[in-house]
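If you want the building blocks of each chain, they are given just below.
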Amino acid sequence: MSRLIWVVLLFFCDSASAQSDSTGRRDTIKISQLEEVIITGDLSPGKKATKPLANLEQYLEKAAAVNMIRRGSYAWEPMLNGMSAERSVVTIDGMRIYGACTDKMDPVTSYVEITNLEKANVHNGQTGSAAGATIAGSLDLVRRKNYFGKKNLKGIAFSGFEFNNRQKIFGAGVNWRSPGIYGNVDFTFRDADNYKAGKGEEVLYSQLTKYNVSAIAGLKIDAHRHVEASLIYDHAVDIGYPALPMDVSLAKAWIASLEYVRHHISPWLQQWQTKVYYNDVTHIMDDTKRPVVPIRMDMPGWSKTAGFYSRLQGAAGRHDWKLTFSGHHNYSLAEMTMFSNTPGEKDMFMLTWPGVQINYGDLYIEDIIPFRENLSAVVSTGIAVHNNLVNKRSGLESLQIFYPGMEKSNTRLLKRFSAAIQYRKDSWLLDAGLAYGDRAPSVSEGYGFYLFNSFDRFDYIGNPEMKNEKSASLNGSATFQQNGFMTKLSGSFFYMKDYIIGLPERGLSVMTIGASGVKVYGQLKNAAIFNTALDVNYRFAEKWYWTNKLIYRRGTGDGVGDLPMIQPFTYTTGFSVKVKAFSAEVLMNGSARQNRYNPDFGELALPGYTIFNMVVSRGFQAGNTSLQVKGGVENIFDRNYTTFSDWNRIPRMGRNIFINLVVGF
Amino acid sequence: MKPFKILSSGLLVILFFLACSKEKDPVQADETEGLQLVATFHNDDHKIDLYTKNGKFQTGYNDIFFQIKDKQDRFINDAQVEWAPVMHMSAMSHSCPSSTISKKEGTRSLYTGFIVFQMAGNDMEYWELTINYTAGGTAYSVKQKIQVTAAPKRVVESFMGADEKRYILALAAPAEPGVAVNDMKAVLYRMESMMLFTPVDGYTIKIDPRMPGMGNHSSPNNVDLTQGADKLYYGKLSLTMTGYWKINLQLANESGDIIKGESVTDDNESSSIYFELEF
């Protein structure tokens, strides 16, 4: 719920400055209206995060546009606007990164920790899509930034414990700054056992252990130039996925970048950032913890990405513009070795991702044009060249079994465009926009070879001959704020052509023992997704704050009926109070019964549910040292429930008592 | 005069030896590259070296290569050759399918043909190969016992069809399969008598490759084998992963009637005739 608080606070800050500041600050207001910003990294005491040491996914889930598909207690897949990961672009500080798991057990968000990040920016549709072609939107996990300044050394240490799954969290960070150098080093450790769903039901294979270390350093070259180097190493072992037939023995990533920044270059060119980056992801699936499996298998995957971006920001006349030129190369390889149950028989091997390369180049331009004091427009456009290359002969030959004429290389041209206007009058803020974009099929959609989906129990085969998926969208919102009262109604509508989805193909023999059939990726003539959200917040008597949020989504596809994984009507309401160093909060969230679902994708009807959480916190200060103690109970009534986004309907956590301690010095 | 005589006769001797050694064909070593020697046959006049890819004679289809050399180790490159394999069993003898002999394309000394051994030899019962050839107007012959061992996997089927005739069906390719749609080649012979096997024309060899170790799943885009211009049978074998595959077979005659083999269904796990591949 505190995510809402942060977003609202931004509104307050910026609306105040809009009146007084006629140049340069206007853009902050515009952008914050078109995106949601989730502050993650502020662990300093006094800050209002409900559960400071929550994992990143729990933070992201608070955004209206974001749902998380859960396959376990960790590594949830973010869905933007009701659309799964293939339709959005998730970046870490603008760096493209691809998971190494064919079963989506390692979304990008699983390779970072909240301590690595300052905030997450969510853009809907093609607005703000500097990172690349997208349909649903972009999610940029912004790295914790430090900066040059007066000599200063600060640190934090934190520790947390959750009773439900006995999760132990601890870590520490140090950051120093001086006029010429700045640096951060931090690490986080998490270890949890299986969690228990409501009424004491233990969810087996839901344990996890994870280490994360990150460092960042900046060096000033002169008053207007500096360089920054950043490194994140994330290492997770023994991670259970109760919703899937396999767990993960190892998931690790190296994420490194080097950036050069120049500012105040000329009157019309304010900043030029150039970054080169490299990330290396390894993901090893493991079924040794499962006692009964039809056949034992090893499924390792690797994904390596090297890329760059160069971004110019400037002002010309009334325009505030941004231009980003970027490119990246990715190599994704995944294999499956099955160990025969017949002694003496050879192992069975195949490539599930046949060594596919993505070679991508992109040019994106964005311009903010204020027409009057209270009316402005944001226009953006982007064009990209997307090439897929299957250089590995054995990989190409596997796919040629299904597509005999398939060429090893395929190049696509992707285009995107968005335009929005914003109008401010008295206490009202209105905005409306439209956008268009297309995308290439993902590695699994284009080149996957017998990927088993444990939700609908089908083997999926990729289709490299698909056309680009296209989307046209409309969005709008109306916000009213006066005194302590704020209400906002927002909505978006996506109309897609050539919507990529798995379609059953009779007559194909399954590969996975026990699967119901084989689906080959194909395209629906069209599909449509509609989202709407209503926020009503009221702050009164300075210390009380009441927030409410209602979300509704609907998705349909030509010939398929209701699209799978669409959120039913969901509501959240919260009440919080803050007096000096003490704060308390009570939250209720829930969902109506889900009657729109798609049985062809394994979904079933779901009952509605309501969950209650509460948190109290107290801050202490002694000189330069501060301590924040936060404790609470999630799912107070120990309700056993599951939601539309829980893969295979695994139940969610039951009652969980948690304590977080953050020390700053 | 004397030194000159010594020098010139020395030169003559050297030249003589050079000329003679030119007879030893330097091409020889290259033509059997990639092949391994299996057996050497001797008669009074010649020596015949027989080669195969894996250095063995095995049950099933064997591509055999050989060179004929005289006692001076010179190649006989233009002989007319035919062969006759015979298995001597305790009660009787019988032959097996074999091709005519030709020169391997692009070689001068390498003769080639194939033989399909339906069974392996043992201490009591053995295979013997007779090679009859004419070179330089004279007819020669050589006959020798050969070792035929059982192939590690099932690559030949010998059966009685519904038409009361005996057939021999053998897998010729792929010898090194890959995860891909592989070109498949097979040979089909009818047993006319103990000693006579003739190639069969116009039939169809239906294939259904399965992985018994993985729920008996199949693969897409296989093409049944039909006869090509050279009388051998060609089709496509799709293999989606490495491991052990059972290629279930059904033999259909010119009219399309199935004369041997059953289709694989939920109730019937395998056909009575099949090949095996493990890679």
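Parameters at a glance
Counting restarts for each chain: residues are numbered from 1 in the order of the written sequence. Just so you know, chain letters begin at A and ligand numbers begin at 1, following the order they were written in. For a predicted model such as this one, the threshold for reporting local features is a pLDDT of at least 70, and the threshold for listing and counting side-chain atom pairs is 80 or more; totals across whole chains, interfaces and linings nevertheless cover every residue. Every helix listed is a DSSP run of H or I at least four residues long, and every strand listed is a run of E at least two residues long, numbered separately from the N terminus. Atoms counted for the radius of gyration: C-alpha only. Globule rule: 2.2 Å times the number of residues to the power 0.38. For the exposure call, what matters is how many other C-beta atoms sit within 10 Å of a residue's own: 20 or more marks it buried, 12 or fewer exposed, and in between partly exposed, using C-beta atoms placed from the backbone. Note on contacts: residues are paired as contacts if their backbone-placed C-beta atoms lie within 7 Å. Each domain's limits were defined by an automated method or a database of domain assignments. Asp, Glu, Lys and Arg are counted as charged, while Ala, Val, Leu, Ile, Met, Phe, Trp, Tyr, Cys and Pro are counted as nonpolar; the rest, among them Gly, fall into the polar class. Two strands are counted as paired when DSSP detects at least two bridges linking them. As used here, the arc belongs to the directions running from the helix axis to the C-beta atoms. In this usage, the nonpolar core is the set of buried Ala, Val, Leu, Ile, Met, Phe, Trp, Tyr and Cys residues whose C-beta atoms join them within 7 Å. pLDDT is a per-residue confidence score from the predictor, ranging from 0 to 100.

**Quick notes on the overall build of chain A**
Right, on to step 1. Summing up its helical and strand segments, chain A has 5 helices and 34 strands in all.
Right, on to step 2. Radius of gyration (C-alpha) of chain A: 24 Å, near the 26 Å computed for a compact globule of 665 residues.
Right, on to step 3. Across its three principal axes, chain A shows a C-alpha extent of roughly 75 × 55 × 50 Å.
Right, on to step 4. Counting only residues that meet the buried cut, chain A has 47% of its 665 residues in that class.
Right, on to step 5. For chain A, restricting intrachain contacts to residue pairs at least 6 apart in sequence, the fraction spanning at least 24 positions comes to 66%.

**Details of the overall build of chain B**
Right, on to step 1. Looking only at helices and strands, one finds 2 helices and 19 strands in chain B.
Right, on to step 2. Whereas a compact globule of 279 residues would reach a radius of gyration of roughly 19 Å, chain B reaches 24 Å, over 25% beyond that.
Right, on to step 3. Along the three orthogonal principal directions, the C-alpha set of chain B runs to about 100 × 45 × 35 Å.
Right, on to step 4. By the burial criterion, 33% of the 279 residues in chain B qualify as buried.
Right, on to step 5. Considering only intrachain contacts with a sequence separation of at least 6, the fraction spanning at least 24 residues in chain B is 54%.

**Section: the domain arrangement of chain B**
All names here are of chain B.
Right, on to step 1. By the assigned domains, chain B splits into domain 1 (28-146) and domain 2 (156-278).
Right, on to step 2. Centre-to-centre separation of domain 1 and domain 2, based on C-alpha positions: 27 Å.
Right, on to step 3. In this assembly, 10 residues from domain 1 lie in contact with 11 residues from domain 2.
Right, on to step 4. Residues of the side of domain 1 that touches domain 2, tallied by class, amount to 5 nonpolar, 5 polar and no charged.

**Points about the pairing of strand β4 (residues 88-92) of chain A**
Residue and element names in this part refer to chain A.
Right, on to step 1. Buried residues dominate β4, accounting for 5 of its 5 residues.
Right, on to step 2. The alternating pattern of β4 places Ser-88, Val-90 and Ile-92 and Val-89 and Thr-91 on opposite faces, both of which are buried.
Right, on to step 3. Note: β4 against strand β7 (residues 137-143), 5 bridges, orientation parallel. Along β7, the bridge assignment pairs Val-90 with Leu-139.

**Re the environment of B:Val142**
Residue and element names in this part refer to chain B.
Right, on to step 1. Inspection of the secondary structure puts Val-142 in strand β9 (residues 138-146).
Right, on to step 2. Classification of Val-142 as partly exposed rests on a count of 19 C-beta atoms within 10 Å.
Right, on to step 3. Sequence separation of Val-142 and Asp-45 is 97 residues, and the distance between their C-alpha atoms is 9.8 Å.

**Examining the sheet that holds β9(B)**
Residues and elements named next belong to chain B.
Right, on to step 1. Taken in spatial order, the 4 strands line up as β5-β4-β8-β9 in an open sheet, and their pairing is antiparallel. Looking at strand neighbours, the two that pair on one side only are β5 (93-94) and β9, the edges of this open sheet.
Right, on to step 2. The pairing of strand β4 (residues 80-88) with strand β8 (residues 126-135) spans 9 bridges and is antiparallel. Note on β8: the bridge partner recorded for Trp-83 is Ile-131.

**Digging into the interface of chain A and chain B**
Right, on to step 1. On the side of chain B, 20 residues touch chain A, which itself brings 23 residues to the contact.
Right, on to step 2. Secondary-structure elements contributing two or more residues to the side of chain A that touches chain B are β19 (348-372) and α4 (393-400) of chain A.
Right, on to step 3. Per element, the largest residue contribution to the side of chain A that touches chain B is 4 residues, and it comes from α4(A).
Right, on to step 4. Partitioned by chemical class, the residues of the side of chain A that touches chain B number 12 nonpolar, 7 polar and 4 charged.

**Things to note about the environment of A:Asn598**
Right, on to step 1. Positionally, A:Asn598 belongs in the loop between β31 (582-591) and β32 (609-622).
Right, on to step 2. The contact partners of A:Asn598, leaving out residues within four places of it in the chain, are A:Val560, A:Gly561, A:Asp562, A:Leu563, A:Pro564 and A:Glu603.

**Comments concerning α4(A)**
Right, on to step 1. Buried within α4(A) we find A:Gly395, A:Leu396, A:Ser398 and A:Leu399. The buried residues of α4(A) all sit within an arc of 155° when viewed along its axis, so they share a single face.

**Observations regarding the environment of A:Ala384**
All names here are of chain A.
Right, on to step 1. With respect to the helices and strands, the residue Ala-384 is situated in strand β20 (residues 375-390).
Right, on to step 2. Assessed through the 23 C-beta atoms surrounding it within 10 Å, Ala-384 is described here as buried.
Right, on to step 3. Sequence-wise, Ala-384 and Asp-362 are 22 residues apart; in three dimensions their C-alpha atoms are separated by 4.2 Å.
Right, on to step 4. Excluding its chain neighbours within four sequence positions, the residues that come into contact with Ala-384 are Gly-132, Ala-133, Tyr-360, Gly-361, Asp-362 and Leu-414.

**Focus: the sheet that holds strand β6 (residues 102-103) of chain B**
All names here are of chain B.
Right, on to step 1. With antiparallel pairing, the 5 strands of this open sheet are ordered in space as β1-β2-β3-β7-β6. Looking at strand neighbours, the two that pair on one side only are β1 (36-42) and β6, the edges of this open sheet.
Right, on to step 2. Direction of pairing for strand β2 (residues 46-52) relative to strand β3 (residues 60-70): antiparallel, over a ladder of 6 bridges. Counted as the bridge partner of Ile-48 is Ile-68 from β3.

**Regarding the pairing of β3(B)**
Residues and elements named next belong to chain B.
Right, on to step 1. Among the 11 residues that make up β3, 8 are buried, leaving the element largely enclosed by the rest of the structure.
Right, on to step 2. In the sheet, β3 pairs with strand β7 (residues 111-117) via 7 bridges, with the strands oriented antiparallel. The partner of Gly-60 across the bridge, within β7, is Phe-117.

**Considerations on unusual backbone geometry**
Right, on to step 1. Residues B:Ala173 and B:Pro174 are joined by a peptide bond in cis, for which omega reads 10°.
Right, on to step 2. Inspection of the secondary structure puts B:Pro174 in the loop between β11 (166-173) and β12 (180-191).
Right, on to step 3. Look at A:Asn635: it is not a glycine, yet its phi comes out positive at around 50°.
Right, on to step 4. Looking at the secondary structure, you find A:Asn635 in the loop between β33 (625-634) and β34 (656-664).
Right, on to step 5. C-beta crowding within 10 Å serves as the criterion here: with 20 such atoms nearby, A:Asn635 is assigned to the buried category.

**Some points on the nonpolar core**
Residues and elements named next belong to chain B.
Right, on to step 1. Of all hydrophobic cores here, the largest spans 169 residues; its most connected members are Val-116, Ala-170, Ala-186, Leu-188 and Ile-205.
Right, on to step 2. A domain-level breakdown of this core finds at least three residues from each of domain 1 (28-146) and domain 2 (156-278).
Right, on to step 3. If we ignore the near neighbours within four places in the chain, the residues touching Ala-170 are Gly-60, Tyr-61, Val-116, Val-155, Val-156, Ala-186 and Val-187.

**Observations regarding the confidence of the model for chain A**
Right, on to step 1. Taken residue by residue, chain A gives an average pLDDT of 87. The fraction at 70 or more is 92%.
Right, on to step 2. A low-confidence stretch, residues 1-34 of chain A (pLDDT under 50), is modelled with 50 contacts involving residues beyond four sequence positions or located in other chains.

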